[in-house]
Structures are given as C-alpha cells and as structure tokens.
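Structural features, examined
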Amino acid sequence: MNKVSKESKTAKAKKCFDAYNHWLKIENKTINYKLMNMKKEEVETAFGNSLSFGTAGLRGVMGLGTNYLNEINVCKLANAVLSYYQKNNLKSIVIGFDTRHNSKLYSRIFAKVLSFNGIKVNIFKNYVPTPVLNFAIKYTESDMGVMITASHNNKSYNGIKISGANAIQISGEVEKSIGSFYAKIDEVDTYNTYLLNQKYKGENIFFVKNKVKKLFLGELYKNKLNKNLNIIYTPLNGTAYKYVKKSLKCSGFKKIKTPFLQKFASGDFSTCPYPNPEFAETFKLCLKCTEDFDADVIVATDPDGDRLGAMIKSTKGYKLLTGNEVGFLLLNYIYETHSREKNLYAVSTVVSSPMFFDMCEAYGIKCEKTLTGFKNIGKAKKLLEDRYGKDGFLLAYEESCGYIVKDSFYDKDGIFALLKFCELASYLKNKGSSVEEYLNEIYNKFNNVYSLNSSISFEGNNALDNMNTAIESLREKGIKSLLKKKITRTIDYLKDKTGLEKSNFIEFQTDNFSFIIRPSGTEPKLKFYIHAKGKNLTQSKKLAEEVLEAIKKEIFNINE
C-alpha cells in the first residue's frame, strides 16, 4: 500500500492515516515492509486508536500500529520512564518478564533505552514470576521495577506493569507524570534513536543474581504441620512452576501432581487459551489428572504467578472456588491461627463481597476498603502497616483471585497465597474436616451472602468508545428497578462523595441484592459484581444468577 494523504474527510480518519504515514518513517526495513503491505482496512484498525498509558502501565494485543502493543510503543514507554527518572534524579531500575511471546524482547528494549542514558538496569536473564520481580526491587534497592506481562490474558496480549521502590504499583502523581511524558513522545523518533543505534554495548546493564531467587524461596512460609495433602498444581505454562514445586516440597508437601503439558514455559497457552484461574475451563487438564490421582485440592497460578485459583474436593465432585470464597477461607484461617494482636487489620475493595467486611467487623479486624487494583490495595496496606505495625496484618485481597498473605509485600502474590491455602487444607484434613465443610460453616455464620462476577466484552475498532458510551448512557439514564425490585440507592463513584478517589463505578442497591458495574482498566469490557442474600446459600446463589441474567437482558439487551 502506498502513502495515504487524502483518504477521508473525517478528522478521525485523517488522524489515523497521518499516524500511518508517520510510521512509514521507521528506519527498519522489516517493519516498513509490513506497513507498506497493509490493506486499507488493516490500517484503519491498526491506527484508528492508540494504546493509552494507565493502570500502572500498558496492555494490549500485539501487532503493528498505534492501537497495538509492539516494540515501537514499548520503546516510547521506556523513554517516558526515562524522562520521569531524569526529572526526579532516579538512578536504577529492575526489569523482569514472563513466558509470553515477545516478553524477553520488550524487556531488552526497555533496558537499552534506560541504560543508554546512564540508568543502572538490573535485568533477569530468564523469565520470573511477578512476585520475584517485586522482591528484587527491594533487594537491588532499585527506584522502580518493570514487569513485562499481560497476566491472565490470552496469547495475543502482552503488557507492561510498573512498580515503585516499595514494590507497590505506581499510582497518583507518578502515574500521571509518566503518562504525561508518554503522551508527548514521538515513538518513531524514539525508536529510530535508540533501537537502531548499533554503537551502544550496554555498559549499564547487569543481570540479577541468582541469590535473589534463593532468598525469595527462603522467605516462603514454612510450618511443622503433618502435610498429608494430595495436591494438583498447574502453572498454566507460566513462570511459577519451579518456585511453587520447590516451596511446596520444602514446606513438607510431598504428594504433588502437575499436568505434563502445562509444566513447560510457553507463550502459546495451547492447552488453556485463556489462562485465567478465575474460570473453570482453566482446570480441564487438572481435572483429567484426578482420574488416577485423588486430589484434595487443585491449585493454579496465572502465567506471571501473581494470581491464585483453587478447586476443592466436594460431595458433588470438584468445586471451583470464587476469589471471594478463597478470601473468606484465608481470613478465617489466618485469624484463627494468628497470635492475638490489639490492632489486627485487613484490606479489600468496594467490589469484594460484603460478607468479608462482616467477618472483619465480627472479629474486631480493622478493614480498609479501597478501589479495585493492587496499586490501591498495596498503598492502603502500607499505610496500615506504618500505623499499626507488621504483626497485625492478616490479609489483603480482591475478588479477581489476587491475595497478599505476607507482611512487607504490597502486590498480589499467587505463590505465597497458594502455600497458605494448601496449609489451610492440610490443617483441616488433619482435623478430619474439609475445605468444603469449613466454607459452609463460614457462610452459615455470616448470613449466606453469595457473590457472582461476570462481564460483557466489546469488539471492533471502536470497542473502547462503545464501552465508554455504554457506561455513560447507564449513568445518564439510571436504573429504577431490576427483577421487579426497586433500586433503593444508587452510588456513582465518579460523582458522589464516597471518601475514595473518583472512579468510573456505579453501584445499585435493593433490599436483598446489589451490583456494581464498571469498565475494565485493561480490556474493552464492562464488569459486573453481584451480591445476593437469600434464606440459604442455594437461594442466594440462584438470586445472584437471576440478577446477572437480568442485567444482561434488561439493561444491555443481551439474549444468550
């Protein structure tokens, strides 16, 4: 395709083709060849929108163009971080990457841009879990950490997460400052300047020592329980396999099985196209292993090892636990086995189950409620730790399978959470009980509130615009009733005073159920968080499912 100068009368189309023509100036023959051979509709898709910096980094489908994640805008973000470093006189950074396609390449691009300008770069030679990268930030005394990962997204995605010196994901003024630099940088000039410079030999780049990994493993929780638990574990072709396997064995767990095809690092995720431990499909190969291995629990970490998913043996086969249910179990167990401190505290979010906050109130635990995301959870945990000390910390979690169970950690960690969950299961088994019985006791004690999460996705060139239009329309029109139940209260977290930072959430309440609708921070999705209360758990679950169906049909006109 030749250069386009007069393709459209609309401002958006002109901007799209101007961006395309500008990218043709990239001094890389391979990239230039691919650009020149794009069809018109491919140009419109690739350049019709731009990835924006937010949620502590970038995330998107990989491909050429401003609308995709690629080495050009990775280079641009690295330059934005460099500008922030220079403005604030920062000196060093540590960079890690996961098993996804291009993760290693993107990590090297980031390293080159910063090291070329005198920043000391500590970089991992091979892939590592996000929790190990966070641990390395402190060990190397780096000013920031960068993790190349798209977490639980499918293989077409990749992303970049940035954390501060305390290993808390960046937020507030830091995020705004880097975002401001990012918006002003010309990615083509940046790419041509840094990535095509053949003279620089990387004098400021240093590989992170293996000692960091050993020290991380040394931090893992150990206990003298008789750990006679049968465990199936899958890393979903991600980064955490050797860390989890070694830590389980060192902690006394001996009976561990992993689906053979999911042991190995792979960016294809061929056995699990959407490697998200929140969903039952993720556990298909694990369930097959139960045919000849009587597992008590099945546990999974996502590709970068910072989320935990769990299934338990139940009277009706294996049951997938929700992120909230794992939160209930961990809080109850940690509280029961924790030495009694005066100032016990926990952290969760506005979309987590209200039952968690009821538990905290009943146990006298101070519980901080934050907006979603571990940049908010980590910050709140750090403030509570500074106020009350480390010994009173019990748990920080959000419903999307993210947990912190260890003091001095401020980002979600699937590895420590997995060990704690297995410890809980072993403790109950030794008592002649089970995780299912323990969970039912918690539900019965705290009024059987059932929580259900779901979402709807938007596709096409205008996916983000359509998602934003949908939430704004909902905000403007409101909802008067659902399932013939009157909405008694609406809370708009963007406009109403909630005591929290303004955010694009809308909550609707009735007498026996509530739900929150919000846009995803990383994908063109609207997420739903439903909490329902019936006479018993079965009724609560049924009501939550009816509410979800009604949201889709009555509010968004979706008939499945």
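Preceding block: the structure.
It should be emphasised that the depicted structure is a prediction, and the values quoted were computed from it without experimental measurement. As a convention, each chain's residues are numbered from 1 in the sequence order in which they are written. Local features in a predicted model are, by the rule used here, given only for residues with pLDDT of at least 70; side-chain atom pairs are given and counted only at 80 or more, and totals for whole chains, interfaces and linings are based on all residues. By convention in this description, side-chain values take in all heavy atoms of the structure and omit both hydrogens and water.

1. Examining the pairing of strand 12 (residues 345-349)
Classification of residues uses two cut-offs on accessible area relative to the type maximum, computed with a 1.4 Å probe and protein chains only: under 20% is buried, over 50% is exposed, and between them is partly exposed. The secondary structure listing takes helices from DSSP runs of H or I that are at least 4 residues long and strands from runs of E that are at least 2 residues long, numbered from the N terminus. Within strand 12, 5 of the 5 residues are buried, leaving the element largely enclosed by the surrounding structure. What you see with strand 12 is no split at all: Tyr 345, Val 347 and Thr 349 on one side and Ala 346 and Ser 348 on the other are buried throughout. Any two strands between which DSSP finds at least two bridges are classified as paired. Looking at chain direction, strand 12 and strand 13 (residues 366-370) are connected through 5 bridges and run parallel. Opposite Thr 349, over in strand 13, you have Thr 370 as the bridge partner. Here the term right-handed applies to a crossover when the path leading from its first strand over the helix to its second strand runs clockwise, the strands being oriented away from the viewer. In this fold, strand 12 hands off to helix 13 (residues 354-363), which returns the chain to strand 13; that crossover is right-handed. Here strand 12 runs beside strand 14 (residues 393-398); their pairing, made up of 3 bridges, is parallel.

2. Overview of the sheet that holds strand 2 (residues 92-97)
Reading across from one edge, 1-5-4-2-3-6 is the order of the 6 strands in this open sheet, with mixed pairing throughout. Of all the strands in the sheet, just strand 1 (57-61) and strand 6 (205-207) have a single pairing partner and so form its edges. Between one strand and the next, the sheet's axes are offset by a mean angle of 20 degrees, whatever the strand orientation. Alignment of strand 3 (residues 120-123) against strand 6, held across 3 bridges, turns out to be parallel. The partner of Ile 123 across the bridge, within strand 6, is Phe 207. On the sheet, helix 4 (residues 71-88) packs against strand 1, strand 2, strand 4 (144-148) and strand 5 (157-164) and is oriented at approximately 10 degrees with respect to strand 5. Interaxial angle, 0 to 180 degrees, is taken between N-to-C directions of lines fitted to C-alpha atoms, where a helix line uses only the stretch in contact. Contacts are assigned to residue pairs with any non-hydrogen atoms lying within 4.5 Å of each other.

3. Side note on the pattern of salt bridges
Salt bridge, as used here: a side-chain nitrogen of Lys or Arg that lies within 4 Å of a carboxyl oxygen of Asp or Glu. All chains considered together, the criterion is met by 21 salt bridges. Note that Asp 292 and Lys 257 form a salt bridge whose closest N and O atoms lie 2.9 Å from each other. One end of the pair, Asp 292, is in the loop between helix 11 (284-289) and strand 9 (297-301); the other, Lys 257, is in strand 8 (residues 255-257), with 35 residues separating them in the sequence. Owing to a relative accessible area of 60%, Asp 292 belongs among the exposed residues under this scheme. Residue Asp 294 pairs with Lys 313 through a salt bridge whose shortest N-O separation is 2.6 Å. Here the residue Asp 294 occupies a position in the loop between helix 11 and strand 9, and Lys 313 occupies one in strand 10 (residues 308-314), the gap between them amounting to 19 residues.

4. Quick word on helix 5 (residues 103-116)
Every α-helix winds through 3.6 residues per turn, so residues three or four apart in the chain are directed the same way. Counted at 1.5 Å a residue, the expected span for helix 5 with its 14 residues is 20 Å, and the 20 Å between its end C-alpha atoms agrees. Counting buried residues in helix 5 gives 10 out of 14 residues, a clear majority hidden from the surface. Regarding helix 5, the residues found buried are Ser 103, Tyr 106, Ser 107, Ile 109, Phe 110, Ala 111, Lys 112, Val 113, Leu 114 and Ser 115. Phi turns positive one or two residues past the end of helix 5, at Gly 118, with a value near 90 degrees. Multiplying 1.5 Å by the residue count of a helix minus one yields the expected span of that helix.

5. So, unusual backbone geometry
Of note in the backbone geometry, Glu 141 takes a positive phi value of approximately 55 degrees without being a glycine. Positionally, Glu 141 belongs in the loop between helix 6 (130-139) and strand 4. For Glu 141, a relative accessible area of 68% puts it in the exposed group. Even without a glycine there, the phi angle at Lys 484 is positive, about 65 degrees.

6. Describing the packing of aromatic side chains
Only Phe, Tyr and Trp rings take part, Trp by its six-membered ring, and two of them pair if their centres are within 6.5 Å. Stacked means planes under 30 degrees apart, edge-to-face means over 60, and tilted covers everything else. Throughout the structure, instances matching the rule amount to 23 aromatic pairs. With 6.0 Å between their ring centres and 5 degrees between their planes, Tyr 397 and Tyr 403 make a pair best called stacked. The buried category is assigned to Tyr 397, whose relative accessible area is 0%. Of the residues examined, Tyr 403 reaches a relative accessible area of 1% and is grouped as buried. The interplanar angle of 25 degrees and the centroid separation of 5.7 Å between the aromatic rings of Phe 528 and Phe 556 together place this pair among those described as stacked. Of this pair, Phe 528 sits in strand 22 (residues 525-533) while Phe 556 sits in the segment after helix 18 (537-555); the two residues are 28 residues apart in sequence, bridging distant segments of the chain. As far as the burial class goes, Phe 528 and Phe 556 line up, both buried. In this structure an aromatic cluster arises from ring pairing among Phe 135, Phe 216, Tyr 243, Phe 409 and Phe 416. Put simply, a charge is over a ring when the Lys NZ or the Arg CZ is close to the ring centre, within 6 Å, and near the line of the ring normal, within 35 degrees. Sitting over the face of the ring of Tyr 388, Lys 366 holds its NZ or CZ atom 5.0 Å from the ring centroid.

Keep in mind these values describe shape, not function.
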